[in-house]
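What follows is each chain in one-letter form.
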Amino acid sequence: MNMEQQIEHSHLPIRGLNLHIAQAGKGELGTVMFLHGFPEIWYSWRHQMLAVAAAGYRAVALDWRGYGLSDQPPEQEAASYDDLVEDLLAILDALSVPKAFLVAKDFGARPAYYFALRHPSRTCGVMCLGIPFLHGSTTFTSLPEGFYILRWREPGRAEADFGRYDVKRVVRTIYILFSRSEIPIAKEDQEIMDLADLSTPLPEWFTEDDLAIYVSLYEKSGFRYPMEMPYRSLHKTNAIEDPKFQVPAFVVMGEKDYVFKFPGVESVLKDGIMEKFAPDLKITYIPEGSHFVQEQFPDRVNDLLISFLKDHPASAS
């Protein structure tokens, strides 16, 4: 069977919105929830979904509220990471899943970590790609004003930048920029979209067909909510006092992921800082891994994921 035949799609009424989920597998061994980042959607996890389904698990990948095939929240409603955590809990309830493994990347890592801290009885383990647990607020004061997060935080800045091009050009450019090992930083007289043009090739592991799927879903959702969540909401998170993970945690870091160069990230991983919060912690580095390591090296990530699942049987947790 091809991917389209193996993956089923549905919408769930969740907290006033219809959220899209993709599912594969019967789930004899447990459920694995996949949480995407930006500029991604459920499809970002296509390789991992099929692998865990073949290994005996139920794979569920959502489109976060405001993304892909899920409903848009009301415009006047402030975006909040707490909403994502509550959405996740409501999805597990709607699917009658008592507890699940969480696999996340990019901004999806924060609600995954927060969910595991707040709802340990509903969590078998948490595996995050490219993002360790960072306690407290994230500041970028040491980075230049052209740093993409600082630019996109400004109301209207990204909208004006993206509005010069069609959705395909915007998604293509961001994918190229985020695939590099350097942090995307524009000069004073540049916008972020100026950092790559149509002569810049897509990464070799990302096809025009893949791009077309992303584009079709961002044409539906637009970029309004993705700019709110995560970029204009990073500083709004309610930190958990004295966080201590009661479940296994696994961080997979591509060493060519530009996020590895963010202030504090390497130190959190290499100086034992995250271990203070997550006693049962495993960290693995993929030397050539980029920000999209799960698409770049799917077999490697699938092996690491299946090993993590098998090392922590859902029935025993």
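Residues numbered from 1 in each chain as written. Predicted model: local features only at pLDDT ≥ 70, side-chain atom pairs only at ≥ 80, totals over all residues. Heavy atoms only, no water.

- The chain appears in an unreviewed UniProt entry as AB hydrolase-1 domain-containing protein from Urochloa decumbens.
- Regarding the chain, the relevant UniProt record gives this comment under Sequence similarities (unreviewed entry): "Belongs to the AB hydrolase superfamily. Epoxide hydrolase family." (UniProt positions renumbered as here; feature names shortened; annotations may be inferred.)

**Looking at the side chain of H119**
Consideration 1: Locating H119 in the fold gives a position in the loop between α4 (109-118) and β6 (123-129).
Consideration 2: In this structure H119 touches V85, E86 and L89, once residues within four positions along its chain are discounted. (Helix = DSSP H or I, 4+ residues; strand = E, 2+ residues; numbered from the N terminus. Contact = heavy atoms within 4.5 Å.)

**Details of the sheet that holds strand β4 (residues 58-62)**
Consideration 1: Reading across the sheet, the eight strands line up as β1-β2-β4-β3-β5-β6-β7-β8 and stay open at both edges, with mixed pairing between neighbours. Single-partner strands in this sheet number two, and they are β1 (8-14) and β8 (281-286). With strand direction ignored, the average angle separating the axes of adjacent strands in the sheet is 20 degrees.
Consideration 2: Running at roughly 160 degrees to β6, helix α12 (residues 298-311) makes contact with β3 (31-35), β5 (100-105), β6, β7 (249-254) and β8 of the sheet. (Pairing = 2+ DSSP bridges. Axes fitted to C-alpha atoms, helices over the stretch in contact; angles between N-to-C directions.)

**Side note on the pairing of β7**
Consideration 1: Most of β7 is tucked away: six of the six residues are buried.
Consideration 2: The alternating pattern of β7 places A249, V251 and M253 on one face and F250, V252 and G254 on the opposite face, and all of these are buried.
Consideration 3: Where β6 meets β7, four bridges bridge the pair, whose relative direction is parallel. Residue C128 lies in a different strand from β7, and its bridge partner there is V251. (Buried < 20%, exposed > 50% of the residue type's maximum accessible area, 1.4 Å probe, protein only.)

**Concerning the side chain of S221**
Consideration 1: Note that S221 resides in helix α8 (residues 208-221).
Consideration 2: Discounting residues that sit within four places of it in the chain, S221 has contacts with G66, Y67, G68 and Q72.

**Let's talk about the pattern of salt bridges**
Any two side chains of opposite charge can pair, given that their charged atoms come close.
Consideration 1: This model, assessed by the stated rule, comprises 21 salt bridges.
Consideration 2: The partner of E40 in a salt bridge is K105, with the nearest N and O atoms 3.0 Å apart. Taken together, the positions of E40 in the loop between β3 and α2 (46-54) and K105 in strand β5 put the pair 65 residues apart, joining distant regions of the chain. You'll find E40 and K105 in the same group, each marked buried.
Consideration 3: The partner of D87 in a salt bridge is R65, and the shortest N-O contact between them spans 2.6 Å. Here D87 is found in helix α3 (residues 81-94), whereas its partner R65 is found in the loop between β4 and α3, with 22 residues between them in sequence.
Consideration 4: Relative accessible area serves as the criterion here: at 0%, D87 is assigned to the buried category.
Consideration 5: The class of R65 is buried, set by a relative accessible area of 3%. (Salt bridge = Lys/Arg side-chain N within 4 Å of Asp/Glu carboxyl O.)

**Details of the packing of aromatic side chains**
Consideration 1: Enumeration according to the criterion identifies 41 aromatic pairs in this entry.
Consideration 2: Relative to Y218, the ring of F38 has its centre 6.0 Å away and its plane inclined at 85 degrees; by these criteria the two rings are edge-to-face. Linking F38 in the loop between β3 and α2 with Y218 in helix α8, this pair joins segments that are 180 residues apart in sequence.
Consideration 3: Residue class for F38 comes out buried when judged on its relative accessible area of 0%.
Consideration 4: Taking 6.4 Å as the distance between ring centres and 90 degrees as the angle between the ring planes, the aromatic pair formed by Y67 and Y225 counts as edge-to-face. One end of the pair, Y67, is in the loop between β4 and α3; the other, Y225, is in helix α9 (residues 224-231), with 158 residues separating them in the sequence. As far as the burial class goes, Y67 and Y225 line up, both buried.
Consideration 5: The residue whose ring lies beneath R169 is Y165, and the NZ or CZ to ring-centre distance is 4.3 Å.
Consideration 6: The ring of F250 has K282 sitting right over it, with the charged end atom 4.8 Å from the ring centre. (Phe/Tyr/Trp six-rings, centres within 6.5 Å; stacked < 30°, edge-to-face > 60°. Lys NZ or Arg CZ within 6 Å of the ring centre and 35° of its normal.)

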